[in-house]
Structures are given as structure tokens and as C-alpha cells.
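So you can see what is in the structure, the chains are spelled out below.
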Amino acid sequence: MAQALRAGRLVMLPTETVYGLAADGADAHAVAAIYAAKGRPSFNPLIAHVADLAAAERVAVLDDRARTLAAQFWPGPLTLVAPIRDAGAVCDLARAGLDTVAIRVPSHPAARAVLAAFGGAVVAPSANRSGRPSPTTWADAMEETGFAIAASLDGGACAIGLESTVLGLIDQPRLLRPGAVTRPQIEALIGPLAEAGDDARRSPGRLARHYSPNAPVRLEAEGPREGEAFLGFGPDVPATPWNLSPAGDAAEAAANLFSYLRAADRTEPSAIAVAPIPEAGLGEAINDRLRRAAGFVG
Ligand code: AMP
Ligand code: MG
């Protein structure tokens, strides 16, 4: 894997959040190949993945807030946006020309082993074509990107199943994308977060239609209408193959969300109806992804 990365090839890696399509962040040709494989708008900057805090400090300028958060949540699903220190390690194209970089240390053992062997920063957006749901199993990732990669690692189903929390630390701390590390967990360590604002270029992952299956998505549904597939939540919903969490557990629902959206989509329903999910805890991140899947977020 590390050798393929050094050779400028793309590889597919499991992380605890979702499967990533990975390349050497320093290699603009390899990064361009990621954009081409994903069909991703090139203004969307990528997350740099590194083996540990020391590697992160070589790439980005981390302040006290960043170090406090890193000590608590790395390795893990928290991405920090900070000023770039080594612009060669994560090239301009990977940063979409910004003088900041989004960086994290993933916890999946397979990803950590590759990053440790590689040594540098690996950019790894979710291994799906742009606008589609992120893959959370090896099979789903292969369905998206099998043609474009030199190698892949099957690390099982992703334990978290939602993309990382993205926190901007440029001026005031801002939650740019909710995820498994929640707003209250962050605020407990560094104080209140500012409003993210609606400038899509500040964090282009905030684009409206993102994470979408082919079928339209209908939210807050009590049950399926004729021809619809239904994603339930909790014990009191109509039975279908896709109850995100019969026990009503948000973490379990997050882990199942994208694979169930994909499975439901494969049945070519008239729409995918989704039961209401409470906002508490991981619910904020799940509902963020669902609103994007439905095309509702501006
Ligand atoms: P993905 O690689 O699909 O997980 O998406 C990466 C996320 O990180 C997107 O929401 C990007 O907009 C965000 N991101 C990456 N780099 C930056 C940056 N320098 N400033 C703000 N957001 C960023
Ligand atoms: Mg993505």
C-alpha cells in the first residue's frame, strides 16, 4: 500500500468513518486522479490523514485548542481545519488553493498501519463518486471505485459509518460538518462554537446535494407509501429490511445509514422514505446527511 502511494497510485483504504480513496497528498498528479475518479468539483478540498500528532504538527500549524482536541479525540473521527505549515506535504490542488488544511489521525488499525509505513500525509476523500453516499463496506467501495485503484484493503464494516466531524480553527472555532465527535463534546473542551455560516466555499462538503442515492429521499416518514423503500428507526415502525436501529440507538443508526441507503436504492424504489431521527447526540450528524441526501440543505 505505502509503496503504491509513493508510486503515485490510488488505493482504497478502510477507516473507522467510511472507506477512503487515497493518494499521496504531496503528489498533484495523484490528487488529480482522485478528482477524476470521483468526478468531484475541484474546488472541494480533501482531508489529509496522518499517522499521529507529530506528523500532523509537521503539516499544519496547530494551536492550543487544536492540541487539546487532538489529545482527547485522536486517533479518531475529528478533522481539524488549521493553517498549512508544509504546503508541499498537502499540495495546492488537494487544498483547493486554500492556505488552510483539513487534517486528522484515523483510528482504524489498517489505516494507521498504512499511514505509519507511508510517513507523509495521505488525502483520502470518501471512496464514492461525487454526490453519492459514502461507502461503509469494502463491497460498496469496490462498486464505486474498483476500476480506478491499484490496491484495496478490506477492513470490514466501518465502525462509525459517517464521515468525520470537521471543525474549523482558523479564527473562531466553527462546526463545518457534524459527525461522531459531537458539538457538546467539543464545546466541553474549548468553549462555545461560532455559527458555521452558509458560505459553501468555507467548507464545500456543505454543498446541498451530497451523499445522494438515485431515488429521491423523503424525510420524517411514518411509513412507506406504495412503491417506496422505508428506512425505519426504533421499535415502533413498520417492519422492512432496513431498520437503522430497532433499539433506537443513534450510533447504530449512523453505522447502518449509508449501507442501508445503498441497499434500499438497489431495489429501485419510487422514493426512499426515512423515519424521523431525534437530533440528540449523533442524531445531528445523521440528520445533516439525510437532509443532504434529500437535497434540502442550501
Ligand atoms: P470528504 O473528503 O468527502 O470527507 O470531505 C472533506 C470535507 O472537509 C469537506 O466538507 C471539505 O469541505 C472539508 N475541508 C477540507 N479541507 C478544508 C479546508 N481547508 N477548509 C475548510 N473545509 C475543508
Ligand atoms: Mg465524501
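Now for a look at the structure at hand. (Residues numbered from 1 in each chain as written. Chains lettered and ligands numbered in written order. Predicted model: local features only at pLDDT ≥ 70, side-chain atom pairs only at ≥ 80, totals over all residues. Heavy atoms only, no water.)

## Some words on the overall build of the chain
The secondary structure content of the chain amounts to nine helices and twelve strands. Here the C-alpha radius of gyration of the chain, 18 Å, is about what a compact globule of 298 residues would show, namely 19 Å. By principal-axis analysis of the C-alpha atoms, the chain measures approximately 55 × 45 × 30 Å. For the chain, with 298 residues in total, the buried portion stands at 56%. (Helix = DSSP H or I, 4+ residues; strand = E, 2+ residues; numbered from the N terminus. Rg over C-alpha atoms; globule rule 2.2 N^0.38 Å. Buried < 20%, exposed > 50% of the residue type's maximum accessible area, 1.4 Å probe, protein only.)

## A short note on the environment of Val114
If you trace the backbone, Val114 turns up in helix α5 (residues 109–118). Look at Val114 and you get buried, because its relative accessible area is 6%.

## With respect to the nonpolar core
With 47 residues, the main nonpolar core has Val59, Leu69, Trp74, Leu78, Val90, Leu167 and Ile186 as its most contacted residues. Elements with a contribution of two residues or more to this core: β2 (20–24), α2 (28–38), α3 (53–59), α4 (64–73), β4 (78–83), β5 (100–104) and α7 (183–190). If you tally residues by element for this core, the top one is α2, at five residues. Residues in contact with Leu78, not counting those within four places in the same chain, are Leu69, Phe73, Ile103, Arg104, Ser164, Thr165, Leu167, Val181 and Ile186. Counting residues in hydrophobic clusters, the runner-up holds 31 residues, among them Val217, Ala264, Val274 and Ala293. (Core = buried A, V, L, I, M, F, W, Y, C linked by side-chain atoms within 4.5 Å. Contact = heavy atoms within 4.5 Å.)

## What about the sheet that holds strand β12 (residues 272–274)?
The three strands lie next to each other as β10-β12-β11, forming an open sheet whose pairing is parallel. Only two strands of the sheet have a single partner each, and these edge strands are β10 (217–218) and β11 (229–231). Here three bridges tie β11 to β12, and the two strands are oriented parallel to one another. Looking at β12, one finds that Ala229 is bridged to Ile272. Relative to β11, helix α8 (residues 250–266) is tilted by about 170°, and along the sheet it contacts β11 and β12. (Pairing = 2+ DSSP bridges. Axes fitted to C-alpha atoms, helices over the stretch in contact; angles between N-to-C directions.)

## Re the pattern of salt bridges
Evaluated as defined, the whole model comprises 17 salt bridges. Its salt-bridge partner being Glu144, residue Arg132 comes within 2.5 Å of it at the nearest N-O pair. Residue Arg132 is located in the loop between β6 (122–123) and α6 (138–145), and its partner Glu144 is located in helix α6; the two are separated by twelve residues in the primary sequence. Residue Glu279 is joined to Arg291 by a salt bridge in which the shortest nitrogen-to-oxygen separation is 3.9 Å. Here Glu279 is found in the loop between β12 and α9 (283–293), whereas its partner Arg291 is found in helix α9, with twelve residues between them in sequence. We classify Arg291 as partly exposed; its relative accessible area is 33%. Where salt bridges share partners, they join Arg132, Asp140, Glu143, Glu144, Arg262 and Arg266 into one cluster. (Salt bridge = Lys/Arg side-chain N within 4 Å of Asp/Glu carboxyl O.)

## Examining the sheet that holds β5
Read from one edge of the open sheet, nine strands run β7-β1-β2-β6-β3-β5-β4-β8-β9, paired in mixed fashion. If you trace the sheet from one side to the other, it starts and ends with β7 (151–152) and β9 (174–177), each paired once. Judged from the two bridges that link them, strand β3 (residues 47–49) and β6 form a sheet pairing that is antiparallel. Bridging from a neighbouring strand, His49 pairs with Val122 of β6.

## Regarding the side chain of Asp24
For Asp24, the position within the fold is in strand β2. Only 2.9 Å separates the side chain of Asp24 from the backbone nitrogen of Ala26, close enough to count as a polar contact. The contact partners of Asp24, leaving out residues within four places of it in the chain, are Leu5, Ala30, Val31, Phe118 and Ala121. (Polar contact = N/O pair within 3.5 Å; in protein donor to acceptor, adjacent residues only side chain to side chain.)

## Some thoughts on the packing of α6 against α8
Remark: α6 packs on α8, axes separated minimally by 11 Å, with the N-to-C direction vectors making an angle of 60°. In terms of their interaxial angle, α6 and α8 are classed as oblique. As α6 packs across α8, the resulting crossing turns out to be left-handed. Only Ser259, Arg262 and Arg266 of α8 make contact with α6, whose side of the interface consists of Asp140, Glu143 and Glu144. For the contact of α6 with α8, the per-class residue count stands at no nonpolar, one polar and five charged. (Parallel < 35°, antiparallel > 145°, perpendicular 65-115°, else oblique. Left-handed = near helix turned anticlockwise from the far one by under 90°. Nonpolar A, V, L, I, M, F, W, Y, C, P; charged D, E, K, R; others polar.)

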